[in-house]
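# Inside the fold
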Amino acid sequence: MSTLETHEDYPGQGLGLPQSGRGSLASWWSRITALVLDWAVSMIVAVAIFGTEVLTGNGWRSFMILAVFFVEASVMTALTGGSIGQLLTRIAVIRLGHDRVGWVRAVGRTLLVCLVIPPLVIGVHRRGLHDLVCGTVVVNRR
């Protein structure tokens, strides 16, 4: 093994995260479930506020589900370390130093998620481009 290669026994070890339990990397299933829950909540809220045209209409109303998602995910991540879906699936967004995400990173991270492509560009430790850019990682709360 050369000096440039690193050996990790489990995902997240290189970030100083535990192998399992609280603070370990969140699974893909919990992350996807959280996103689906967030989108469902955003759809319900958008329909309640703007009517059913958010589902079938054109123009500005067609973006209201995304707008509600953006606000919900940004505010909840900044205040609680996770969106509604992430809270329900017991995962959290943290900075690598285990600090709170804060408003700037929460808004920036959510904006990148709304662009769709950054979360699909996945690096090591199950971190999408949005997490790499913002210096965040998604971990288990339990």
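The notes below deal with the structure included here. (Residues numbered from 1 in each chain as written. Predicted model: local features only at pLDDT ≥ 70, side-chain atom pairs only at ≥ 80, totals over all residues. Heavy atoms only, no water.)

## Regarding the overall build of the protein chain
- The number of helices and strands found in the protein chain is seven helices and two strands.
- From first element to last, N terminus to C terminus, the protein chain shows the α and β order α-α-α-α-β-α-α-α-β.
- If you line up the protein chain on its principal axes, its C-alpha atoms span 60 × 30 × 25 Å.
- A burial count over the protein chain gives 37% of its 142 residues as buried.
- When contacts within the protein chain are restricted to residue pairs at least 6 apart in sequence, long-range pairs at least 24 apart make up 61% of them. (Helix = DSSP H or I, 4+ residues; strand = E, 2+ residues; numbered from the N terminus. Buried < 20%, exposed > 50% of the residue type's maximum accessible area, 1.4 Å probe, protein only. Contact = heavy atoms within 4.5 Å.)

## Brief notes about the packing of helix H1 (residues 28–50) against helix H3 (residues 64–80)
- Where H1 meets H3, the closest approach of the two axes is 8 Å, and the angle between their N-to-C directions is 120°. By the angle class used here, H1 and H3 are oblique. Pair H1 / H3 crosses with right-handed handedness. Along the contact surface, H1 presents Leu35, Asp38, Trp39, Ser42, Met43, Val45, Ala46 and Phe50, while H3 presents Met64, Ile65, Leu66, Val68, Phe69 and Glu72. (Axes fitted to C-alpha atoms, helices over the stretch in contact; angles between N-to-C directions. Parallel < 35°, antiparallel > 145°, perpendicular 65-115°, else oblique. Left-handed = near helix turned anticlockwise from the far one by under 90°.)

## Overview of the side chain of Thr136
- Relative to the elements of secondary structure, Thr136 occurs in strand E2 (residues 136–140).
- The class for Thr136 is buried, based on a relative accessible area of 0%.
- Thr136 has contacts with Val93, Ile94, Arg95, Val101, Arg105, Arg109, Arg127, His130 and Asp131, leaving out every residue within four places of it along the chain.

## Describing the nonpolar core
- By size, the foremost hydrophobic cluster in this structure holds eight residues: Ala26, Ala34, Ala78, Ile91, Val93, Val101, Ala106 and Val138.
- Contact partners of Val101, with chain neighbours within four places excluded, come to Thr77, Val93, Ile94, Arg95, Ala106 and Thr136.
- Listed in part, the six residues of the second largest apolar core include Leu17, Ala92, Ile94 and Val139. (Core = buried A, V, L, I, M, F, W, Y, C linked by side-chain atoms within 4.5 Å.)

## Details of the environment of Val41
- Inspection of the secondary structure assignment puts Val41 in helix H1.
- Along the backbone, Val41 and Ile84 are 43 residues apart, and their C-alpha atoms lie at a distance of 8.3 Å.

## Focus on the packing of H3 against helix H5 (residues 102–114)
- One can describe the packing of H3 onto H5 by two numbers: an axis separation of 8 Å at closest approach and a directional angle of 145°. Note that H3 runs across H5; the crossing there is right-handed. For the pair H3 and H5, contact is made by Leu66, Phe69, Phe70, Ala73, Ser74, Val75, Thr77, Ala78 and Leu79 and by Gly102, Trp103, Ala106, Val107, Thr110, Leu111, Val113 and Cys114, respectively.
- Of the residues contributing to the contact of H3 with H5, the split by class is 13 nonpolar, four polar and no charged. (Nonpolar A, V, L, I, M, F, W, Y, C, P; charged D, E, K, R; others polar.)

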